[in-house]
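A look at the structure
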Amino acid sequence: SLGSKSFRSSGINAEYGEPNSNSTHNNTMNNSRYLQDGPPEGGYQKVNYKKMISPNKGPSGRVLLGICVGMSVVGYFEVMRMRAKRVKDAQEKRIARMNLVPYLQAESDRRYVIELKRQKEYEAKVMAGVKDFDPNEKYYESRWVPNMQPLLSYLY
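Residues numbered from 1 in each chain as written. Predicted model: local features only at pLDDT ≥ 70, side-chain atom pairs only at ≥ 80, totals over all residues. Heavy atoms only, no water.

A look at the overall build of the protein chain
Here is the rule we go by: The helix count covers DSSP runs of H or I at least four residues long, the strand count covers runs of E at least two residues long, and both are numbered beginning at the N terminus. The rule is simple: take the accessible area with a 1.4 Å probe, protein chains only, and divide by the maximum for that residue type; under 20% is buried, over 50% is exposed, in between is partly exposed. Any pair of residues with heavy atoms lying within 4.5 Å of one another is described as a contacting pair. Only the protein chains shown count as cover for residues, and the accessible areas themselves come from Shrake-Rupley with a 1.4 Å probe.
Helix and strand counts for the protein chain stand at 4 helices and 2 strands. From first element to last, N terminus to C terminus, the protein chain shows the α and β order α-β-β-α-α-α. For the protein chain, buried positions account for 7% of its 156 residues. For the protein chain, the share of sequence-separated contacts (at least 6 apart) that also reach a separation of at least 24 residues comes to 37%. Accessible surface computed for the protein chain: about 14,800 Å², of which carbon and sulfur atoms make up 56%.

Remarks on unusual backbone geometry
One non-glycine residue, Asp132, lies in positive phi territory at about 65 degrees. As for its placement among the helices and strands, Asp132 is situated in the loop between α3 (61-126) and α4 (149-155).

Side note on the pattern of salt bridges
Inclusion rule: For this document, the term salt bridge refers to a Lys or Arg side-chain nitrogen within 4 Å of an Asp or Glu carboxyl oxygen.
Considering all chains together, one arrives at 3 salt bridges under this definition. Asp89 serves as the salt-bridge partner of Lys85, at 3.3 Å between the closest nitrogen and oxygen. Taken together, the residues span about one helical turn, with Lys85 and Asp89 both in helix α3 at a distance of 4 residues. Residue Asp89 is classed as partly exposed on the basis of its relative accessible area of 37%. Notably, a salt bridge pairs Glu115 with Arg118, separated by 2.6 Å at the nearest N-O pair.

A few points about a nonpolar patch on the surface
Using the following cut-off: For patch detection, residues must exceed 30% relative accessible area and be free of salt bridges, and they are connected within 9 Å for like charges or within 5 Å for nonpolar side chains (Val, Leu, Ile, Met, Phe, Trp, Tyr).
Where nonpolar side chains cluster on the molecular surface, the patch consists of Leu65, Val69, Val73, Phe77 and Met80 and spans about 510 Å² of accessible area. Tracing the backbone through its elements, the reader meets Val69 in helix α3. Here Val69 falls in the partly exposed class, since its relative accessible area comes to 46%.

Examining the environment of Gln119
Tracing the backbone through its elements, the reader meets Gln119 in helix α3. Here the alpha-carbon distance between Gln119 and Pro135, two residues 16 residues apart in the chain, equals 9.4 Å.

A look at the confidence of the model for the protein chain
Defined as follows: Along the chain, pLDDT gives the predictor's confidence residue by residue, from 0 to 100.
Put simply, the protein chain has an average pLDDT of 76, and 66% of its residues get 70 or more. Element-level pLDDT for the protein chain is lowest in helix α1 (residues 4-10), with a mean of 48, against a maximum mean of 91 in α3. Below pLDDT 50 for its whole length, residues 3-9 participates in 8 contacts with residues either more than four positions away or in separate chains.

What follows is the structure, encoded as structure tokens:
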């Protein structure tokens, strides 16, 4: 280890590791030497890491478990609340559609009557030369029931 006296004699400022301005030596790369940093005499102060890294920092395991359980309970209640809202909304939509069924059925029946009238007019025109043909005569005795399947599929 070189002391600061040897640096002074060589023209180096020992405090900053730079060449002295009042040095008589030539300040070239070959002559300049710098002081390497090192620990102060007597060493560094001891770091009290036990005080900074205490095992009692932060919440205990029971508190963390309680927080997790509490958040889970709140989350489950929120899921149940949202599910109930979805069920209520779906029921409201279903009721609204059920209230529309008579109007939709009336539209369907109206289209059927118009088509039936057009079909009978066409039959009367085509069968005009046939003797004893009546377009309003029934060919069968059963009762006609409108198709409900498209309306039922609309409901659900």
